[in-house]
Amino acid sequence: MSLREEIGEQPAVLAHLLRTQEETVREVARAVRGRAVHWVLIAARGSSDHAALYAQYLWGSRNGLPVAMATPSLYTLYESPPRLQGALVVGISQSGQSPDIVRVLAEGRKQGALTLAITNDPRSALAAEACLVLDTGAGPELAIAATKTYSSQLLAVAMLSAALTGDEGQVAAALGSEPLRQIPALVESALADEAAIAQAARHYEAMARCVVLGRGYHYATASEWALKLEELTYVVAEAYSTADFRHGPVAMASSGFPVLAVVPGGAAYADVMALLAALVAERDVDLLVASDRDEALALGSTAVRLPGGLPEWLAPIVNIVPLQLWTYHLALAMGRDTEAPRGLSKVTRTW
């Protein structure tokens, strides 16, 4: 199966996850309530790291849980794991095979913490170390660049957030809410805009480096977009929160410098727009805007329209899909092999 085919599978994958994992999500939420979890530690690598970043914003803002990212080398190379009392220790991994991520969950279990694996392989080593397993059910992903496994991880994270919002009596309503249920259809609509997305990508076929900007929930999308660019096109793509970008990296921006920005409506919209307007007016950057807002799209020299209609906390699940397509078509325009990016393999085992 090709990368393009796996991108196209996402509406069905997300619908399947919503349909089959509701009871598992309820079980996880009950366990979190029952164990009086005070904070969350997440171990992840690659695209899964960006799903963890989304969880950091989402579980923090909607569920009041402090979320930290694990430092796996403390558990492996340094053999000095921190104390994990009161934690939910989560491993997010497509394959569930990376030894360092597995080691974090094993240590969590050893210390008596509640452990959760969010994985596409419920028979993996990661799942074996977890008290609870949330199977993203994306099916075999043969392309090296993660697409459907990433969006399904985001949806799993969002479903758990919904189940943890309010008391147990409100879980059914939260998981059956209209915004969650309309996600597969919105992804389908994003895929239907492929011709315009491909045209927008061709403008950048000579690009060698860029920055990718986002903030809040959309920082995860910017980070994943940058990774896809590096994997598939070999462009040097650095992702920044727009707040961090102001603290030094903005010095890179000059006339013609490519700036790619994820700017959907939401709490960070005005702040991001102010920065982008300044970059265009004062530094004459080559700005690509991905947004559901006409005002933002008009600011860019190139634009990718994102689907609208979702609350901000769910938008990253849908918004990454047109950017996956954009990167795929840019890779084709550059003559890259989208099925076998150089030097990469599907499963990367780190210690």
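Residues numbered from 1 in each chain as written. Predicted model: local features only at pLDDT ≥ 70, side-chain atom pairs only at ≥ 80, totals over all residues. Heavy atoms only, no water.

Turning to helix α16 (residues 315-333), a few remarks are in order. The end-to-end C-alpha distance of α16, which contains 19 residues, comes to 28 Å, matching closely the 27 Å that a straight helix rising 1.5 Å per residue would cover. Counting buried positions over the 19 residues of α16 gives 17, a clear majority of the element. Of the residues flanking the end of α16, it is Gly335, one or two places downstream, whose phi is positive at about 80°. (Helix = DSSP H or I, 4+ residues; strand = E, 2+ residues; numbered from the N terminus. Expected span 1.5 Å × (residues − 1). Buried < 20%, exposed > 50% of the residue type's maximum accessible area, 1.4 Å probe, protein only.)

The next thing to look at is the pairing of strand β7 (residues 236-241). Judged from the 6 bridges that link them, strand β6 (residues 209-214) and β7 form a sheet pairing that is parallel. Looking across to β7, one finds that Val212 is bridged to Ala239. (Pairing = 2+ DSSP bridges.)

It is worth spelling out the pattern of salt bridges at this point. Pairs can form between side chains of opposite charge whenever their charged atoms are close. Counted according to the given criterion, the structure contains 12 salt bridges. What emerges from the salt-bridge pattern is a single network uniting Glu22, Arg26 and Arg181. (Salt bridge = Lys/Arg side-chain N within 4 Å of Asp/Glu carboxyl O.)

Between helix α2 (residues 10-20) and helix α10 (residues 183-191), the least distance of the axes is 8 Å, while the angle of their chain directions is 175°. The angle between α2 and α10 places the two elements in the roughly antiparallel class. Two secondary-structure elements touch here, α2 through Gln10, Pro11, Leu14, Ala15 and Leu18 and α10 through Ile183, Pro184, Val187, Glu188 and Leu191. (Axes fitted to C-alpha atoms, helices over the stretch in contact; angles between N-to-C directions. Parallel < 35°, antiparallel > 145°, perpendicular 65-115°, else oblique. Contact = heavy atoms within 4.5 Å.)

Grouped together as the largest cluster of nonpolar side chains are 88 residues, with contacts concentrated most on Tyr54, Trp59, Ile183, Trp225, Leu229 and Trp326. With 21 residues, the next largest nonpolar core counts Leu213, Phe257, Met273 and Leu275 among its residues. (Core = buried A, V, L, I, M, F, W, Y, C linked by side-chain atoms within 4.5 Å.)

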